[in-house]
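Topology and contacts: notes
The primary structure of each chain is shown beneath.
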Amino acid sequence: MQPTRWHRGQIKMSEIRNYTMNFGPQHPAAHGVLRLVLELDGETVVRADPHIGLLHRGTEKLAESKPFNQSIGYMDRLDYVSMMCSEHAYVRAIEQLLGIEPPVRAQYIRTMFDEITRIGNHMLWIGSSGIDLGAMTVFLYAFREREQTIDMYEAVSGTRMHANYYRPGGVYRDLPDTMPRYKETPWTKGKKLKQRNEWREGSLLDFIEAFARDFPSKVDEYETLLTNNRIWKQRTVGIGVLSPERAQQLGCTGPMLRGSGIEWDLRKKQPYAMYHEMDFDIPVGINGDCYDRYLVRVEEMRQSASIILQCVDWLRANPGHVMLKNFKVIPPTREEMKDDMEALIHHFKLFTEGYSVPKGQTYAAVEAPKGEFGCYMVSDGANKPFRVHLRAPGFAHLSAMDELVKGHMLADVVAMMGTLDIVFGEVDR
């Protein structure tokens, strides 16, 4: 900063200006597509301006241009870390407009897979947040278990990410009786191969039960690495404090709201699927900082494992249908289609023009891993929605970014980005 000489020998320092920099989209902690324009005073953040829209794909407009069932796959691609929860909100909105209720077994399967999805989401979150703040090992540990949740997706739907498994009226198919097994390779054989296939000898339910019983011990490992880690606490305690009143005003939901001490969870307050039959607790924080939000998510993983075991017990004892037998909405099976002319006509009509939904409007919300994911749908009686609007939790959380990081150091922006747990598929839509 050069002094400027006045004509009478006085010296005036030139004006001090804040420094503006781009955080992302190339920054590894910026989740790929966030441009955060930061105004800095030294290393202290004065203002944060999120620039979004880099992953905008027009999902809502696309859903308004095609039959109802053809947009289920688009929902997977919104929050592409917790796929089935996004499907669940969209499918529930259609069911409410149609006035149909899926079979109880399908509801239990949905509940179970929503919780498997929650575990998968939180494991990716704990791994990526850890590596953002310098904890490499927890990333490797978390992805070890996340791989098994993706194996469950693959076993039930045939695909590892975009499952397209929920349908209006139930789920695509029942749980399979066998699990894919690892094949022998030069590196995996003999005793090691048998060990890797130990949980895969039975059905998918056996595999899920073995996973859910073992999982709390794995969460203990994550906590050993992080919960009392001096560096982790220095980076998260007292960072991004959000008061309960302000969290409500900003529209926060999920762990962001519960971390501030407000016990709000749609699974308890507005139960859907079979959550009213489940016995589980809602973890809440006290201080509303990054550390409390971390503890809330860790405890949520333990509660999810408990819910999964309750669903497994019920599903074992109660076989039955997983789809409604309503050929106006649900296609007939291949056997029925090839045996009955009426079923063939239904099949042809459903896969060409779809089904018409009565006029009306509805809002269906689920407690997704990141918060309240909702689908507002308007039908004008046609075979495609007149209007679809999706309520993404990450969008509300990102709008609080400026308030949360103001006054913190530049390095704390990374910690805040991690604790928001945002995915830009749903933010940009």
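Scroll up for the structure.
Bear in mind the structure is a predicted one, so any value in this text is a computation, not a measurement.

Let us look at the nonpolar core. Residues Met112, Phe113, Tyr165 and Leu175 are the most contacted members of the largest nonpolar core, which totals 117 residues. Looking at this core element by element, the count peaks at 12 residues for helix α12 (residues 290-317). Leaving out residues up to four positions away in the same chain, Phe113 has contacts with Met84, Met152, Tyr153, Val156, Tyr165, Tyr166, Leu175 and Leu204.

So, on to the packing of helix α4 (residues 104-132) against α12. Viewed as axis vectors pointing N to C, α4 and α12 meet at an angle of 150°, and their least axial separation amounts to 9 Å. It follows from the interaxial angle that α4 and α12 lie roughly antiparallel. As for the relative orientation of α4 and α12, their crossing is left-handed in sense. Along the lines of polarity and charge, the residues of the contact of α4 with α12 split into 19 nonpolar, three polar and five charged.

The next thing to look at is a nonpolar patch on the surface. On the surface, a cluster of nonpolar side chains totalling about 270 Å² of accessible area is made up of Ile131, Met136 and Leu140. Looking at where Leu140 falls in the secondary structure, it is placed in helix α5 (residues 136-157).

It is worth spelling out the sheet that holds strand β9 (residues 371-379) at this point. Strand pairing in a sheet is mediated by backbone hydrogen bonds. Such pairs are either parallel or antiparallel. Spatial strand order, β8-β9-β10: three strands in an open sheet with antiparallel pairing. Edge positions in the sheet fall to β8 (360-368) and β10 (387-391), since each of these pairs with one other strand and no more. For this sheet, the mean inter-axis angle between neighbouring strands, taken without regard to orientation, is 10°. As judged from the nine bridges shared by β8 and β9, these two strands associate in the antiparallel manner. Each residue of the ladder has a partner; that of Val366, found in β9, is Phe373.

Before going further, it helps to spend a moment on α5. It helps to recall that an α-helix has 3.6 residues per turn; residues three or four apart then point in one direction. The end-to-end C-alpha separation of α5 is 32 Å, in line with the 32 Å expected for 22 residues at 1.5 Å each. Turning to α5, its buried residues are Val138, Ala142, Glu145, Arg146, Thr149, Ile150, Asp151, Met152, Tyr153, Ala155, Val156 and Ser157. Of the surrounding elements, those touching the buried residues of α5 are α3 (83-98), α4 and α7 (204-226).

A separate point is the environment of Ile72. Checked against the element boundaries, Ile72 lands in helix α2 (residues 72-76). Along the chain, Ile72 and Glu87 lie 15 residues apart, while their C-alpha atoms are 6.1 Å from each other. Beyond its immediate chain neighbours, meaning those up to four positions away, Ile72 contacts Glu87, Tyr90, Val91, Asn164, Tyr166, Arg167 and Pro168.

This paragraph deals with the environment of Leu40. Assignment of secondary structure puts Leu40 in strand β4 (residues 35-41). For Leu40, a relative accessible area of 3% gives the class buried. Excluding its chain neighbours within four sequence positions, the residues that come into contact with Leu40 are Asn18, Tyr19, Met21, Val45, Val46 and Leu410.

Parameters and conventions
Throughout this description, residue numbers start from 1 for each chain and increase along the sequence as written. A pLDDT threshold of at least 70 governs which residues receive local features in this predicted model, and a stricter bar of 80 or more applies before side-chain atom pairs are shown or counted, although totals over entire chains, interfaces and linings include all residues. Note: side-chain values were computed over all heavy atoms of the structure, leaving out hydrogens and water. For this analysis, a nonpolar core means a set of buried residues of the types Ala, Val, Leu, Ile, Met, Phe, Trp, Tyr and Cys, connected via side-chain atoms within 4.5 Å. Relative accessibility decides the category of a residue: with a 1.4 Å probe and only protein chains considered, values under 20% of the type maximum give buried, values over 50% give exposed, and everything between is partly exposed. Helix numbering and strand numbering both begin at the N terminus, where a helix is a DSSP run of H or I of at least 4 residues and a strand a DSSP run of E of at least 2. Contact definition: two residues touch when any of their heavy atoms are within 4.5 Å. To obtain each axis, a line is fitted to C-alpha atoms, and for helices this fit is confined to the stretch in contact; angles are then taken between N-to-C directions over 0 to 180 degrees. Oblique is the label for any angle not covered by the other classes, which are roughly parallel (under 35 degrees), roughly antiparallel (over 145) and roughly perpendicular (65 to 115). Crossing handedness follows the turn of the near helix against the far one: under a right angle anticlockwise gives a left-handed crossing, and clockwise gives a right-handed one. Ten residues, namely Ala, Val, Leu, Ile, Met, Phe, Trp, Tyr, Cys and Pro, are considered nonpolar, four, namely Asp, Glu, Lys and Arg, are considered charged, and the remaining ones, Gly among them, are considered polar. By definition, no residue in a patch forms a salt bridge, and every one has over 30% relative accessible area; like charges are joined within 9 Å, nonpolar side chains (Val, Leu, Ile, Met, Phe, Trp, Tyr) within 5 Å. Each accessible area value is a Shrake-Rupley result obtained with a 1.4 Å probe; residue values ignore everything except the protein chains displayed when judging cover. Put simply, a salt bridge is a Lys or Arg side-chain nitrogen that is within 4 Å of an Asp or Glu carboxyl oxygen. Following DSSP output, two strands are said to pair if at least two bridges run between them. What a helix is expected to span follows from its residue count: subtract one and scale by 1.5 Å.

Worth remembering: the numbers are spatial, not functional.
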